[in-house]
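Examining the three-dimensional arrangement
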Amino acid sequence: MLVSAWFDATIAGVFGLLIGSFLNVVIYRLPKIMERQWTAECAELSGQELPKTEPFNLMLPRSHCQKCGHVIRWHENIPVLSYLFLRGRCSACGTPISLRYPLVELSSGALFFFCVLRWGVTPTALVWFAFAAAVLVLGLIDWDTTLLPDDITLPLLWGGLIAAGLQWSGTPLTSALWGAVAGYLSLWLIYWAFKLVTGKEGMGFGDFKLFAALGAWFGWTALVPIILMASVIGAIIGIAMKFSSGLREGGYVPFGPFLAGAGLTAMIFGPQSILRFIGL
């Protein structure tokens, strides 16, 4: 049984590497798709006509080098291995390829390996891997753009409630429902309190939706450990970036990546382990 479990998990890990390659596409293209949609909506409202452009979505155009336009061939798109074979550079012009691409693929593979090793080849493993993939994508998109797309946060929220209703997530439906409510309202109230006191916006509405989604997946009792972990990690990284002059314009750090990190930590170790980790 043990050998079979490891074999199943290894197969899942390889499949996770392939999914990780697609996640890289989502992380890069989804914000650009959103920007194009906003531009089109603004043009429509103002009565302007936009020039016709080539299709741009998660499938088209084919992946290519952003500098020279070299279309990436199938053997240059094998997760992790192609990056190593190409030594992290475009085969046509030698432009460095970001290390993030293989790291996302490895993370996706490791997460799927973990899910199947822990829950076996079951719907529970599948839904938790879907959770992990969505959270990973959200954290990186928010880090890059300070955006948490509704196209991912809202399906993640509903997915948590549905998984609880089907008894696949291990979280009772009542706890998941109140977790979603409490997750959204808690950050919503903090947002408005901060804005009334300072006149500034301390976070975006996407953070409310992401925290609500985490509440739907883990239940209301996990919200305090998750927000504490996210706050501690965020404070440490924020201070480090300030002293290293790594803060972006405006001197802020998006909160979504730390919520995402806390959510993945809760999935792997359990929400209560977060309290022990931070000494509570």
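Residues numbered from 1 in each chain as written. Predicted model: local features only at pLDDT ≥ 70, side-chain atom pairs only at ≥ 80, totals over all residues. Heavy atoms only, no water.

**A word on the overall build of the protein**
- Of the regular secondary structure elements, the protein holds 10 helices and zero strands.
- Mapped in sequence order, the helices and strands of the protein form the string α-α-α-α-α-α-α-α-α-α.
- Expected size for 280 residues packed as a compact globule is a radius of gyration near 19 Å; at 20 Å, the protein falls within 12% of this value.
- In terms of overall dimensions, the protein has a C-alpha envelope of 60 × 55 × 40 Å along the principal axes.
- Burial analysis of the protein (280 residues in total) assigns 41% to the buried set.
- Here the contacts in the protein between residues at least 6 apart in sequence split such that 69% fall between residues at least 24 apart.
- For the protein, the computed accessible surface area is about 16,000 Å², with 68% contributed by carbon and sulfur atoms.
- Computing the positive centroid from 17 side-chain charges and the negative centroid from 15, the protein places the two 9 Å apart. (Helix = DSSP H or I, 4+ residues; strand = E, 2+ residues; numbered from the N terminus. Rg over C-alpha atoms; globule rule 2.2 N^0.38 Å. Buried < 20%, exposed > 50% of the residue type's maximum accessible area, 1.4 Å probe, protein only. Contact = heavy atoms within 4.5 Å. Areas by Shrake-Rupley, 256 points an atom, 1.4 Å probe, with all protein chains shown as cover. Lys, Arg positive; Asp, Glu negative; His and termini not counted. Charge placed at Lys NZ, Arg CZ, Asp CG, Glu CD.)

**Re the packing of aromatic side chains**
- Tallied over the full model, the rule gives 16 aromatic pairs.
- Ring geometry for Trp 119 and Trp 128: centres 5.9 Å apart, planes at 15 degrees, overall stacked.
- Seen from their ring centres, Tyr 191 and Phe 208 are 5.5 Å apart, and the 70 degrees between their planes marks the pair as edge-to-face. Separated by 17 residues along the polypeptide, Tyr 191 in helix α6 (residues 173-198) and Phe 208 in helix α7 (residues 205-218) bring together distant segments of the chain. The pair formed by Tyr 191 and Phe 208 is uniform in burial state, with each residue classed as buried.
- A network of ring pairs unites the aromatic residues Phe 114, Trp 119, Trp 128, Phe 131, Trp 217 and Phe 218 as a single cluster.
- Positioned above the aromatic ring of Phe 56 is the side chain of Arg 29, whose terminal nitrogen or guanidinium carbon lies 5.6 Å from the ring centre. (Phe/Tyr/Trp six-rings, centres within 6.5 Å; stacked < 30°, edge-to-face > 60°. Lys NZ or Arg CZ within 6 Å of the ring centre and 35° of its normal.)

**Overview of helix α3 (residues 100-119)**
- In a regular helix each residue adds 1.5 Å, so 20 residues correspond to 28 Å; α3 covers 28 Å between its end C-alpha atoms and thus fits that length.
- For α3, the full list of buried residues reads Pro 102, Val 104, Glu 105, Ser 108, Gly 109, Leu 111, Phe 112, Cys 115 and Val 116.
- Structurally, α3 contributes buried residues whose contacts are with α1 (2-46), α2 (81-85), α4 (123-145) and α9 (256-269).
- In the stretch just after α3, Gly 120 is the one whose phi turns positive, near 75 degrees. (Expected span 1.5 Å × (residues − 1).)

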